[in-house]
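Commentary on secondary and tertiary structure
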Amino acid sequence: MNVGMSLSIKMIVSIGLLSMSVLNSGCSDSADADVITTGAMCMPGDVLLNPTPEAPMAACSVPPSPYSSLIEAGATAQAVATETRRAELLDPSRITVVTCGTGSPFPSERAQSCLAVFVNGKFLLFDAGDRAQNSIENLNLPVMDIETVFLTHFHSDHIADLGEVVSRSWILGRTQPIEIYGGPEVEQVVNGFNLVYAADEIYRVEHHGEAVFPNPTAATAVVIERPGPEGRVVYESDGVSVLAYSVDHSPIGTALGYRIEYAGKVVAISGDTIDTPGLHALAANADVFVSEVMNKGAVEDMECAFGRIPDSRLEKIFADIRSYHIDLPELAQLASDADVATLVMTHLVPAPLSPVQGDAFFSQPAAAIFGGTIVLAEDGTEVVIRL
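Just so it is clear, the model here is predicted, and its values are computed rather than measured.

Reading the values: rules and limits
Residues numbered from 1 in each chain as written. Predicted model: local features only at pLDDT ≥ 70, side-chain atom pairs only at ≥ 80, totals over all residues. Heavy atoms only, no water. Helix = DSSP H or I, 4+ residues; strand = E, 2+ residues; numbered from the N terminus. Expected span 1.5 Å × (residues − 1). Bend = angle between axes of the 7 residues up to and from the residue. Buried < 20%, exposed > 50% of the residue type's maximum accessible area, 1.4 Å probe, protein only. Phe/Tyr/Trp six-rings, centres within 6.5 Å; stacked < 30°, edge-to-face > 60°. Disulfide = S-S within 2.5 Å. Patch = residues over 30% accessible without salt bridge, like charges linked within 9 Å, V, L, I, M, F, W, Y side chains within 5 Å. Areas by Shrake-Rupley, 256 points an atom, 1.4 Å probe, with all protein chains shown as cover. Salt bridge = Lys/Arg side-chain N within 4 Å of Asp/Glu carboxyl O. Pairing = 2+ DSSP bridges. Axes fitted to C-alpha atoms, helices over the stretch in contact; angles between N-to-C directions. Contact = heavy atoms within 4.5 Å.

Details of helix 7 (residues 186-208)
The periodicity of an α-helix, 3.6 residues per turn, causes residues three or four places apart in sequence to face the same way. Between the first and last C-alpha of helix 7 there are 31 Å, a value that for 23 residues agrees with the 33 Å anticipated at 1.5 Å per step. Maximal helix bending in helix 7 amounts to about 45°, located at Y197. Those residues of helix 7 lying buried are V186, V189, V190, N194, Y197, A198, D200, E201, I202, R204 and V205. Where helix 7 ends, the next residue or the one after it, G209, has phi of about 90°, a positive value.

In structure tokens, the structure reads:
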């Protein structure tokens, strides 16, 4: 049975931030500790290790027990389903866009920001907010194939699950390095997650051995300086290009949108932004344009309601957020002007509580302005571009 397939668990992270000698010797938390592997006094970043226990051999019965047979059948079926799904998504004759997280910072059943793009056999991930990794696994996306993550900015609802994405992709079988692209703060964010998960990584390698968990390379930060509204290429591999564009989510200094180009097809991703030149540039003639959207009329109603309660803190928050997101009519007009083929609306504020509310708040008003295909995304929505 494939260990990565059966575990459905966690990680790669920073060995570069730690002394590799800890893997061999451990450290002690006091000079005379008896239960800790002999070693130097622990310093910040070091890891305590006890002796690794022997793994007892299972007494497998012949014929196998009913429970063992059930596990075997289930694992075999899951392996077939996983490989079938993987082959479908990595098929180089198509580009597949999957909204693995369509929520916002406000509580809802949706995972927070997460978008998977499969192009020419590559799994490119854009943002990883809270519960993104659970969503990726529940959707049976091939997490072990993630090599590159692009972050639009560093609000928590776009990065909260980044550590789990990095960790679980390693535990589920990823052997290649992973790079995290983003604005200048990306180094601080990646180093932080590397440090947080470093002990977990060392425990797993020490316990199971490098044959099961190949010694990983820490996640690497790739800094994107402000690319400007005209955009520039930040990633190229096997004919796939990713361009970054400056968008406007002020007071955030470096907010990014992205444009993926391959075989004459374009997938554009807004990030969080107001209507701004960089957004028009990245969306131009896109086959699929995935954009955040806010119904500012509904949010204004929420602001007024909290003012009457009164709840001055929430009243202020709902007033502020209208200043740095794109309004629904603005988005629909931009998509029309940019000659977008399919508009996928995500990061929905407010998140619809029902399909009827989704139509009323988003789909119908957008259709009155934009004549192309409109997709109101839910977690797991897929859009396919045939090449």
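On we go.
Some remarks on the packing of aromatic side chains
For any pair of aromatic rings, the description consists of the separation of the ring centres together with the inter-plane angle of the planes. On inspection of all chains with the given rule, the structure shows 11 aromatic pairs. Note on F126 and F150: the rings are 5.0 Å apart at their centroids and 15° apart in plane angle, and the pair reads as stacked. With F126 in strand 5 (residues 122-128) and F150 in strand 6 (residues 146-150), the pair connects residues that are 24 residues apart, well separated along the chain. The burial state of F126 is the same as that of F150; both residues are buried. Ring centres of F150 and Y235 lie 5.7 Å apart, and the angle between their planes is 90°; this geometry places the pair in the edge-to-face category. In this pair, F150 is assigned in strand 6 and Y235 in strand 9 (residues 232-237), connecting sequence segments 85 residues apart. Here F150 matches Y235 in class, with each residue buried. Each residue in the set F126, F150, Y181, Y235 and Y258 is aromatic and connected to the rest through ring pairs, giving one cluster.

Remarks on the state of the cysteines
Two cysteines joined by a covalent bond between their sulfur atoms form a disulfide. For the coordinates displayed, the defined rule picks out 1 disulfide. One disulfide bridge connects C100 with C114, the sulfur atoms lying 2.0 Å from each other. One quick way to see it: the torsion about the S-S bond of C100 and C114 is about -85°, and its sign makes the bridge left-handed. With C100 in strand 3 (residues 94-101) and C114 in strand 4 (residues 114-119), this residue pair connects regions lying 14 residues apart in the sequence. The burial state of C100 is the same as that of C114; both residues are buried.

With respect to a nonpolar patch on the surface
Taken together, the side chains of Y67, L70 and I71 define a hydrophobic patch exposed on the protein surface, amounting to about 340 Å² of accessible area. On the secondary structure map, Y67 appears in helix 3 (residues 66-89). Note on Y67: relative accessible area 58%, which makes it exposed.

Some words on the pattern of salt bridges
Throughout the structure, instances matching the rule amount to 10 salt bridges. Measuring nitrogen to oxygen at the nearest pair gives 2.4 Å for the salt bridge that ties R322 to E303. Highlighted residues: R322 in the loop between helix 10 (312-321) and helix 11 (328-337) and E303 in helix 9 (residues 296-308), separated in sequence by 19 residues. The exposure class of E303 is buried, given its relative accessible area of 15%.

Concerning the sheet that holds strand 13 (residues 288-294)
The mixed open sheet is built from 7 strands, whose spatial order is 9-10-11-12-13-14-15. Edge positions in the open sheet fall to strand 9 and strand 15 (373-376), since each of these has one partner strand only. Between one strand axis and the next, the sheet turns by 20° as a mean value, whatever way the strands run. Packed on one face of the sheet, helix 11 meets strand 13 and strand 14 (342-349) and runs near 165° to strand 13.

Here we look at the pairing of strand 12 (residues 265-269)
Of all 5 residues making up strand 12, 4 are buried, and the element is well covered by its neighbours. Pairing between strand 11 (residues 255-262) and strand 12: 5 bridges, direction antiparallel. Among the inter-strand pairings, I260 is bridged to a residue of strand 12, identified as V267. A loop of 2 residues connects strand 11 with strand 12, the two strands running antiparallel in sequence, and A263 in this loop sits at a positive phi of about 50°. Bridging between strand 12 and strand 13 involves 3 bridges; their strand directions are parallel. For A268, the partnering residue across the bridge sits in strand 13 and is F289.

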